Amino acid sequence: MSVQSEIERKLSQGLSPAYLEVENESDGHNVPAGSESHFKVTVAADAFEGQRLLARHRKVNALLMDELQSTVHALALHTFTPAEWSARGGRVKESPPCMG
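A brief report on the enclosed structure follows. Remember, it's a predicted structure, so these values are computed and weren't measured experimentally. (Residues numbered from 1 in each chain as written. Predicted model: local features only at pLDDT ≥ 70, side-chain atom pairs only at ≥ 80, totals over all residues. Heavy atoms only, no water.)

Locating Lys10 in the fold gives a position in helix α1 (residues 3-15). For Lys10, a relative accessible area of 15% translates into the label buried. Once residues within four sequence positions are removed from consideration, Lys10 is found in contact with Leu63, Leu64, Asp66 and Glu67. (Helix = DSSP H or I, 4+ residues; strand = E, 2+ residues; numbered from the N terminus. Buried < 20%, exposed > 50% of the residue type's maximum accessible area, 1.4 Å probe, protein only. Contact = heavy atoms within 4.5 Å.)

Below is the structure:
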């Protein structure tokens, strides 16, 4: 199973999100072709209701502990409640280009 698929599986099971997108952004970094080391995760879940940003990120990091300790080098997190996601019009900013 690919790293991206494993991230999607763990977040789906752990958060039951209303929206989930996992983007492999490794190709925009100085890594070998086909790498799975840099990801952007956008997730909207009721599990984030009443939680501050840090608690939300800790929850995601806990679910992805194995990947963060091994294959994943960078993880950009965009965490929302379903209402927050809807209020944003279902959009997040593009990731900035890699600086190195």
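Attention now goes to the environment of Glu67. As for its position among the elements, Glu67 is in helix α3 (residues 65-68). Look at Glu67 and you get buried, because its relative accessible area is 8%. Residues Glu67 and Val3, spaced 64 residues apart in sequence, show a C-alpha to C-alpha distance of 7.6 Å.

In the structure shown here, the tally under the stated rule is four salt bridges. The salt bridge partner of Lys10 is Asp66, with a shortest N-O separation of 3.7 Å. Residue Lys10 is found in helix α1, and its partner Asp66 is found in helix α3; the two are separated by 56 residues along the sequence. Residue Glu67 pairs with Lys10 through a salt bridge whose shortest N-O separation is 3.0 Å. Of this pair, Glu67 sits in helix α3 while Lys10 sits in helix α1; the two residues are 57 residues apart in sequence, bridging distant segments of the chain. Three or more residues are tied together by salt bridges with common partners; here these are Lys10, Asp66 and Glu67. (Salt bridge = Lys/Arg side-chain N within 4 Å of Asp/Glu carboxyl O.)

Looking now at the environment of Glu84. Its place among the elements puts Glu84 in helix α4 (residues 82-87). What makes Glu84 partly exposed here is its relative accessible area of 32%. On a C-alpha basis, the gap between Glu84 and Ala45 in space is 9.7 Å, while along the polypeptide they are 39 residues apart. With residues near it in sequence (within four places) discarded, Glu84 still touches Arg56 and Thr79.

Ile7, Leu11, Leu15, Phe39, Val41, Phe48 and Val60 are the most contacted members of the largest nonpolar core, which totals 14 residues. Counting only elements with at least two residues in this core, the list comes to α1 and β2 (38-44). Among the elements that make up this core, the one with the highest residue count is α1 (four residues). (Core = buried A, V, L, I, M, F, W, Y, C linked by side-chain atoms within 4.5 Å.)

The next subject is the packing of aromatic side chains. Centre-to-centre distance and the angle between the planes together describe a pair of aromatic rings. Counted by the stated rule, this structure contains two aromatic pairs. Arranged with centres 4.6 Å apart and planes meeting at 25°, the rings of Tyr19 and Trp85 form a pair that is stacked. A residue pair is termed long-range when its members are at least 10 positions apart, and Tyr19 in strand β1 (residues 19-24) and Trp85 in helix α4 qualify at 66 residues. A residue is classified by how much of its surface remains accessible, and Trp85, at 11% relative accessible area, is buried. (Phe/Tyr/Trp six-rings, centres within 6.5 Å; stacked < 30°, edge-to-face > 60°.)

It is worth stressing that arrangement in space is one thing and function is another; only the former is reported here.
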